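Listed below are the residues making up each chain.
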Amino acid sequence: MSAHVSRRKLLTTGLTAAAGVTGLGAAAKIANHFGLIPPDWGGIWGPGETLTYATQRLLMASGSLAREFNRSEISKVVPVSGPQPKTDPYQRLLAGGFADWRLTVDGLVARPSTFSLAEIKRMPAKTQITHQACEEGWSFIAEWTGVPLAYVMNLVGVSEKAKFAVFWPFDGSWDSLDLPDAFHAQTFLAYNLNGADLPADHGAPLRVRVARQLGYKSVKFLSRITVTDSLKHVGDGKGSIQPAFGYSWYAGI
Amino acid sequence: MATTTYLEAGTIRDTSRPETLRFSLLVRVTHWLNTISFVALVISGFGILLAHPRFYWGETGGLGTPSILDLPLPFMLGGPSGWGRYMHFQAAWLCVLTGLLYAISGLMSQHFRRNLWPAKGQLSWNSLRGEIWDRLRFKKPAAEEAYGYSVLQRLSYLAVVFFLFPLMIWTGMAMSPAITSVFPFFVRSSGGYETARTLHFFAANLLVLFVLVHVAMVCLAGFVQRTRAMITGRVSGGRVQP
């Protein structure tokens, strides 16, 4: 009798565990389908990171807008974080006033293209005054002008399979955004800071501006954008160079 | 779920009972989960602080702008703030979820009203003065206090549960550009991003101070006995004299 009970108990426990694992697997698959799993979901910090990312993605599903400010609130000091690359080809392009610089957009797009700075400046421009906080804790408010990334993405025709936009700058780093952030109304490619051409140390000639994430996601010195459906085979597969240094891919905080 | 019979402080009469259930299972489990998450939050919070141990008031601030507090700590870049942030949010999830469980069950079971809201007479000037004086002289708490909460305990626990923890969550939310894009009132009501960061830091200090005093009081009252009570839920009544 007791053997029977314990066998039944074992069976129930086994089935429950199997159902649990299957359920968890199915939940993960569904979550991944809806873009709720960050590329750095593994490791000991994965559970917290995934919970944060999934929760914020669901909360922000309507394309919520970051706060915008008045001109009078613009900060007098715009600190530099990560100065300009001291090497070629960046220094050569900088010396030439970025006349030879081109932005390449490739990957899962219908029309892979390159754009000169003049061509980008002719695109419909947008200006916004937003707050940017560094992961370190300091922050500033600045006015940025540029072209919405969504405009460029639509120009090259992003595939329906696409899930991420990967950014390749001249400083040897790389990062990526999911498409909800890439197509967000306040995400753009900025070439102007506080009414003047973007200074080299602030990311000239073109930098990404992501209003709903920490500063390090606003990649500077942009050279190339690659649209992809998976980050698995880009770099070490964690969506950005940042996790290698201990920083999370998603920085909505 | 184990139901708890809490005894009003000062009404202890039957001390001949060998054992009394002092803490419900839920209070004990959430207490220890909260201990783990709080330690992790303090360690990781300190790691994040080291990236920029300087505080400002208002929306913005940084090197080259006036600060309201410069801590005598080194600026450590590219290190502890990275893993610190991963750890901080993982621990924050644990802390907030167990905190919610504790707060909701505490409200529903009337734990707060019956056991933490100051009992009749406890708020009188004489009672408060006596209590504060006893604590200041490090007087060992009376044995019957193992069965209920003293008035200073009640007031400080209520402040921690209903003021400091909500303030930490509120100012934490205020520092998230993603959250404030959906709920801008978190940062507006905090008085700006940098003010929220500063308040977060000061509230964290008060919580650490609370924990230090809490642990000191546990030691004073009898570390082994009180810790055992928070693990098993029971106070061994053998040594209690009527």
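Residues numbered from 1 in each chain as written. Chains lettered and ligands numbered in written order. Predicted model: local features only at pLDDT ≥ 70, side-chain atom pairs only at ≥ 80, totals over all residues. Heavy atoms only, no water.

*Asks:* Tell me about the interface of chain B and chain A, and please be specific about residues and values.
*Replies:* Each partner contributes residues to the interface: chain B has 35 residues there, and chain A has 42 residues. Regarding the contact of chain B and chain A, the summed buried area is about 3,000 Å², with carbon and sulfur atoms giving 61% of it. The three residues of chain B that bury the most area against chain A are B:Tyr86, B:Gln90 and B:Trp93, which together make up 24% of that side's buried surface. Here chain B is connected to chain A by two salt bridges. Two residues, B:Glu59 and A:Arg67, come together in a salt bridge whose shortest N-O distance is 2.6 Å. Where chain B touches chain A, the interface holds 18 residue pairs in polar contact (both at pLDDT 80 or more). Among the elements of the structure, helix H2 (80-108), helix H6 (177-182) and helix H8 (193-232) of chain B are those that each provide at least two residues to the side of chain B that touches chain A. Partitioned by chemical class, the residues of the side of chain B that touches chain A number 18 nonpolar, 13 polar and four charged. (Contact = heavy atoms within 4.5 Å. Buried area = accessible area lost by both parts, 1.4 Å probe. Salt bridge = Lys/Arg side-chain N within 4 Å of Asp/Glu carboxyl O. Polar contact = N/O pair within 3.5 Å; in protein donor to acceptor, adjacent residues only side chain to side chain. Helix = DSSP H or I, 4+ residues; strand = E, 2+ residues; numbered from the N terminus. Nonpolar A, V, L, I, M, F, W, Y, C, P; charged D, E, K, R; others polar.)

*Asks:* With reference to specific residues and values, describe helix H2 (residues 46-59) of chain A.
*Replies:* Compared with the 20 Å implied by 1.5 Å per residue over 14 residues, the 20 Å span of H2(A) between its first and last C-alpha is a close match. Looking only at H2(A), the buried set comprises A:Gly46, A:Gly48, A:Glu49, A:Thr50, A:Thr52, A:Tyr53, A:Ala54, A:Gln56 and A:Arg57. (Expected span 1.5 Å × (residues − 1). Buried < 20%, exposed > 50% of the residue type's maximum accessible area, 1.4 Å probe, protein only.)

*Asks:* Requested: an account of the nonpolar core, with residues and values cited.
*Replies:* A:Trp101, A:Leu103, A:Ile120, A:Phe167, A:Leu189, A:Leu222 and A:Ile225 are the most contacted members of the largest nonpolar core, which totals 45 residues. When residues no more than four places from it in sequence are discounted, the contact partners of A:Trp101 are A:Leu93, A:Phe115, A:Ser116, A:Leu117, A:Ile120, A:Phe170, A:Pro205, A:Leu206, A:Leu222 and A:Ser223. (Core = buried A, V, L, I, M, F, W, Y, C linked by side-chain atoms within 4.5 Å.)

*Asks:* So, the packing of helix H1 (residues 25-49) of chain B against H2(B): which residues are in play, and what are the values?
*Replies:* All names here are of chain B. With their axes 8 Å apart at the nearest point, H1 and H2 run at an angle of 155 degrees to one another. The pairing of H1 with H2 is recorded here as roughly antiparallel in orientation. Every pair of crossing elements has a handedness; the one defined by H1 and H2 is left-handed. Grouping the amino acids of the contact of H1 with H2 by side-chain chemistry returns 17 nonpolar, 11 polar and one charged. (Axes fitted to C-alpha atoms, helices over the stretch in contact; angles between N-to-C directions. Parallel < 35°, antiparallel > 145°, perpendicular 65-115°, else oblique. Left-handed = near helix turned anticlockwise from the far one by under 90°.)

*Asks:* Would you mind going over helix H5 (residues 149-156) of chain A in detail, with residue names and values included?
*Replies:* All names here are of chain A. The complete set of buried residues in H5 reads Leu149, Ala150, Val152, Met153 and Val156. The buried residues of H5 occupy an angular sector of 160 degrees when the element is viewed end-on, so they sit on one face. One or two residues past the end of H5 sits Gly157, with phi positive at roughly 75 degrees. (Arc of directions from axis to C-beta.)

*Asks:* Help me get a handle on the packing of helix H4 (residues 125-136) of chain B against helix H5 (residues 151-174) of chain B, residues and values and all.
*Replies:* Residues and elements named next belong to chain B. At a minimum axis separation of 9 Å, H4 and H5 run at an interaxial angle of 90 degrees. Taken together, the axes of H4 and H5 lie roughly perpendicular to each other. On H5, the residues that touch Leu128, Glu131, Ile132 and Arg135 of H4 are Val151, Leu152 and Leu155. Residues of the contact of H4 with H5, tallied by class, amount to five nonpolar, no polar and two charged.

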